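Listed below, chain by chain, are the residues.
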Amino acid sequence: MTSAWSRRTLLAVGGGTALALSLPSPASAATSLTRATTVTSATPSAAGDDAFAALRAKWRELYLGTGFSPTAEPFRTKLAELGAQAAAHRAAMTPATGSLWPDLVYLDPDPDTDTESFGFSANMNTSYNRLRTMAEAYSQPGTGLTGDTAVRDAVITGLDHLHAEVFNPSTARYGNWWNWQIGAPQALLDTCVLLHDALTDDRRAAYCAAVDHFLPDSAVGSYTGTSTGANRVDLCRGIILRGIVGANAAKIALAVAALSPVFPYVTKGDGFYPDGSFVQHTSIPYIGGYGAVLNDGLGRLFALLRGSAWEITDPGSRQFLDTIEAAIAPFVYDGLMMDNVSGRGVTRAGTSDHTRAHGVMASIVLLGLGAEPEENARWRAMVKGWLVRDHYAPALAAGSLSLVNTARLQALLDDAGVAPAPEPSAHRVFHYMDRVTHRRRGWGAGLSMASARIAHYEFGNGENKRGWHTGAGWLQWWGSESGQDQYSDAYWPTVDPYRLPGTTVSRKKLADGQGGAWANPTPATRWVGGTGDGEFGTTGQHLQGLASTMHARKSWFWLDDCVVCLGSGITSTDGAAVETVIDNRFLGADGTRRLLLDGRTQPADQGWTTTRRTAWAHIDGHAGYVFPGTTTLRALREERTGAWRDVNDDGPTTPLTRRYLTLWQDHGTDPADGSYAYVLMPGASAARTAARAADTGWLRILAQDADRTGIHVPSLGFTGITFWAAGTAGPVTVSAPVCVQIREKRDGTATVCVADPSRTVTGLTLTWRRPVRSVLSRPGSVTDARTGSALTLTYGDLSASAGATHTVRVRLG
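Residues numbered from 1 in each chain as written. Predicted model: local features only at pLDDT ≥ 70, side-chain atom pairs only at ≥ 80, totals over all residues. Heavy atoms only, no water.

Just give me the short version of the overall build of the chain, but keep the residues and values in it.
In terms of helices and strands, the chain carries 17 helices and 33 strands. Within the chain, buried positions represent 60% of all 813 residues. Carbon and sulfur atoms make up 51% of the accessible area of the chain, which amounts to about 28200 Å² in all. (Helix = DSSP H or I, 4+ residues; strand = E, 2+ residues; numbered from the N terminus. Buried < 20%, exposed > 50% of the residue type's maximum accessible area, 1.4 Å probe, protein only. Areas by Shrake-Rupley, 256 points an atom, 1.4 Å probe, with all protein chains shown as cover.)

Outline the sheet that holds strand S25 (residues 727–729), listing residues and values.
Taken together, the five strands give an open sheet; going across it, the order is S25-S26-S29-S32-S31, and neighbouring strands pair in antiparallel fashion. The sheet is open, and its two borders are formed by S25 and strand S31 (782–786), each paired with just one other strand. Put simply, the sheet's adjacent strands are angled 15° from each other on average, direction ignored. As paired strands, S31 and strand S32 (residues 791–795) are joined by four bridges and run antiparallel to one another. Directly across from Ala785, in S32, lies its bridge partner Leu793. (Pairing = 2+ DSSP bridges. Axes fitted to C-alpha atoms, helices over the stretch in contact; angles between N-to-C directions.)

Tell me what's going on with the sheet that holds strand S22 (residues 700–704), and back it up with residues and numbers.
Spatial ordering of the open sheet is given by S22-S23-S24-S27-S28-S33-S30, a layout of seven strands whose pairing is antiparallel. Across the chains shown, the open sheet's two edge strands, defined by having one partner strand only, are S22 and strand S30 (772–777). On average, each strand axis in the sheet is tilted by 15° relative to the strand beside it, whichever way the strands run. Note that S30 and strand S33 (residues 806–812) share four bridges and pair antiparallel. Bridge pairing in S33 places Val772 opposite Leu812.

Can you explain empty space enclosed by the protein? Please cite residues and give values.
Counted under the stated rule, the structure contains three cavities of 30 Å³ or more. By volume, the largest cavity is sized at about 150 Å³. In the lining of the largest cavity, the residues fall into eight nonpolar, seven polar and three charged. (1 Å grid on protein atoms, 1.4 Å probe; cavity = no way out; pocket = protein on both sides within 12 Å on 5 of 7 lines; lining within 4 Å. Points joined across faces, edges and corners; volume = space filled by probe spheres on them. Nonpolar A, V, L, I, M, F, W, Y, C, P; charged D, E, K, R; others polar.)

Please set out the environment of Pro285 residue by residue, giving values where relevant.
Mapping Pro285 onto the fold places it in strand S3 (residues 284–285). For Pro285, a relative accessible area of 3% corresponds to the buried category. Between the C-alpha atoms of Pro285 and Ser448, which are 163 residues apart in sequence, the distance is 9.4 Å. Beyond its immediate stretch of four places on either side in the chain, Pro285 contacts Phe278, Asn340, Val341, Ser342, Gly343, Met433, Arg435 and Ile454. (Contact = heavy atoms within 4.5 Å.)

Account for the packing of aromatic side chains, naming residues and giving values.
The tally for this structure, following the rule as stated, stands at 26 aromatic pairs. Ring geometry for Trp478 against Tyr487: centres 5.6 Å apart, planes inclined by 75°, an arrangement best described as edge-to-face. Each member of the pair, Trp478 as well as Tyr487, is classed as buried. Within the aromatic cluster, the residues linked to one another by ring pairs are Tyr333, Trp474, Trp478, Tyr487, Tyr491, Trp492, Phe586 and Tyr660. The lysine or arginine in question, Arg499, covers the ring of Trp664, its NZ or CZ lying 4.0 Å from the ring centre. Residue placement shows Arg692 over the ring face of Trp698; its charged tip is 4.0 Å from the ring centre. (Phe/Tyr/Trp six-rings, centres within 6.5 Å; stacked < 30°, edge-to-face > 60°. Lys NZ or Arg CZ within 6 Å of the ring centre and 35° of its normal.)

Can you lay out the pairing of strand S8 (residues 443–449) for me, pointing to particular residues and giving the numbers?
Of all seven residues in S8, seven are buried, a share of seventy percent or more. Residues Trp443, Ala445, Leu447 and Met449 of S8 are buried on one face, and the alternating residues Gly444, Gly446 and Ser448, pointing to the opposite face, are buried as well. Sheet analysis places strand S7 (residues 435–440) next to S8, joined by six bridges and oriented antiparallel. Along S8, the bridge assignment pairs His438 with Ala445. Counting the residues between successive antiparallel strands, the hairpin from S7 to S8 contains two residues, one of them, Gly442, with a positive phi of roughly 100°. Here S8 pairs with strand S9 (residues 472–479) via seven bridges, running antiparallel. When the sheet's bridge partners are listed, Gly444 is paired in S9 with Trp478.

Before we move on, could you go through the side chain of Gln544 and cite the residues and values that matter?
Structurally, Gln544 can be placed in strand S12 (residues 537–544). In this structure the side chain of Gln544 is engaged in a polar contact, spanning 3.2 Å, whose partner is the backbone nitrogen of Ala524. Setting aside its immediate chain neighbours within four residues, Gln544 contacts His456, Pro523, Ala524, Thr525, Met550 and His551. (Polar contact = N/O pair within 3.5 Å; in protein donor to acceptor, adjacent residues only side chain to side chain.)

Go over the pattern of salt bridges, please, and point to the residues and values.
Scanning the entire structure with this criterion turns up 43 salt bridges. Among the ionic pairs, Arg90 bridges to Asp148, the shortest N-O distance being 3.9 Å. Taken together, the positions of Arg90 in helix H4 (residues 75–92) and Asp148 in the loop between helix H5 (115–139) and helix H6 (149–165) put the pair 58 residues apart, joining distant regions of the chain. A relative accessible area of 33% places Arg90 in the partly exposed class. The partly exposed category is assigned to Asp148, whose relative accessible area is 23%. Three or more residues are tied together by salt bridges with common partners; here these are Asp212, Asp217, Arg242 and Lys251. (Salt bridge = Lys/Arg side-chain N within 4 Å of Asp/Glu carboxyl O.)

Would you mind going over the environment of Phe263 in detail, with residue names and values included?
Take Phe263: it is sitting in the loop between helix H10 (249–258) and strand S1 (271–272). For Phe263, a relative accessible area of 2% gives the class buried. Each C-alpha atom of the pair Phe263 and Asp314 lies 8.4 Å from the other, and the pair is 51 residues apart in sequence. In this view, Phe263 contacts Leu298, Phe302, Ile312, Asp314, Gly316, Ser317, Gln319 and Phe320; residues no more than four positions away in its chain are not counted.

These values are about where atoms sit, not about what they do.
Written out as structure tokens, the structure reads:
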């Protein structure tokens, strides 16, 4: 065990000299302190003989960061802020019966698993987190508390107090299991690594015994319940660190083996799916939340154990690396993570779609160290592109990153050898989680749906109380030049939750948390999904409203410069109005963007509203909207005031006011067969919008009813049809309910894409009345193909393909 730093060493650190992040032993301190500019990791003198010491040193480096100067920005400021925060924690720490800080009482007078007990267990966890922050300020250079033995001793006093009172082998857990098995153990063990040499053997043994009590080996004994997906990685991390702190090789080996179920793709429940979907809590798309946690957690564990006797060598880990481009990247657009894969986390004050992406970007850079060189180069170029294009909340300026992640991304940004990659043009269908992404030059979009497999929304821990309609066809979109703040600036506490863009909803009043905590309410409908060729796409949703009698058939056709949106069969007996929200644009605190209706400027006064027959609309700096055949459009400018507490029990009560411009179609109270049709043109000018509206031959609607919805765009050779039942639309006839997309190419070929979103089709015959000379390629699901004056394709059982696309390529006659 090394001794405490000398006063001379502390004075040198106080002078701001760049030094090793792993606190060196006195023997190596002088050498470390003379290094000019680069922070490096110091390896304990016994590391060559002690595998656990080597892992402790590596975890310190992973936790604290490396490769930066503490006197350079933004590190100097972040380190000073860390020191100030730790100093405040130290000053306020008042050990007493039932608490370590007066504002964090963890003594539960009636311990169980109700909401009140959740709060007490969270206070226990937060207490450990504060001690970890103090330990980090002690360990990092440039904090003003670096090497301060009084801070170190205060942390140890706090650890002893929590151990004696609440986190020890003789106490039982209460409240939220997560605080006892993941949150507190991680914070405690991180602190033990940072202060390892200052802790006696007896203390480390006692703390490890407490971890063993609350996080036993049985917690990873089976891959089920709360021990799946991201939670499983966190549990394994806790056991691995417990093994490192307690020098227990068997613990590390057990946890490494327990990671194996995380890697393979799943076809139900939690985890990554073959199409890139990621689900947690059984029915919640969660790439931006638990998926990011899993990504970060595995990245750290791969790096920690690489080169050790416990290196992760499971062949499935290679498959996990594939998820970076297949699952995560499609939901990051210009440096933000789409809200539709972030569950209840979207309602946490102080976070946004941008801040959620920041940590993901740093994790990708870390994971790249274990990828193939060409793969790592692609990832670095991709992440650098996100970094340079985010002009609303740049990762390195937003202040949301930890210091270690700031160092990783700053190093990438400074690497002149990496050119930023542009956003790709691509269409992706994530049929296992009812999500779609569409990217074109200059804009990107994401669609959120619900089905018997995927919940309307997630409500739990008092979070996301009004996210009811996020699965009702919520269509998010962003432009490359504007709109990066669209869902970032106090959006969730101020937006009308009944008017999310793209949705069709009943205005029936719903209770906060409708359905109950952790209920993950799902509709009974199954025909939800779509198909695509990687560039264009066709999507449909048989929508059933949450706690509502409202049903609708919604279709989206994803093209080069627009999305064609059609709805049909809209019915309801709720006794409430039903609306389709064409868009609901966030205009900021004082926004007054111009609205044109058929070329005429509308008033910019707050509270202004109108209802009129309209052929096209345009919002300056946002988008154009075309209404085939015209529609009765309603428009509203409004200031909305709300607080984060309205949507999240832990949010502040400070009132926030933001302006919105909403366009919608009112289907009336209890519609019997409502419909809508509009073309969304992100980033389009007013002139281009007007020209599209005037070109009545550009779009042909083939069908629009409760049995089929389809369009044909001659200039693009595009035909897309959502068949809710067997039937005919234009030149296409099918014998079962499927989604069909046909693209005719200029080279004389065409692709026919078919999917079975309902997972019920055991046999299909499709006829396209168009001369076809030959079939160039077909999947095994096609049992027969006939060409000539028409193309007839016979498919076998599609139900087991879980909504995946089956593509046939033909040469036209």
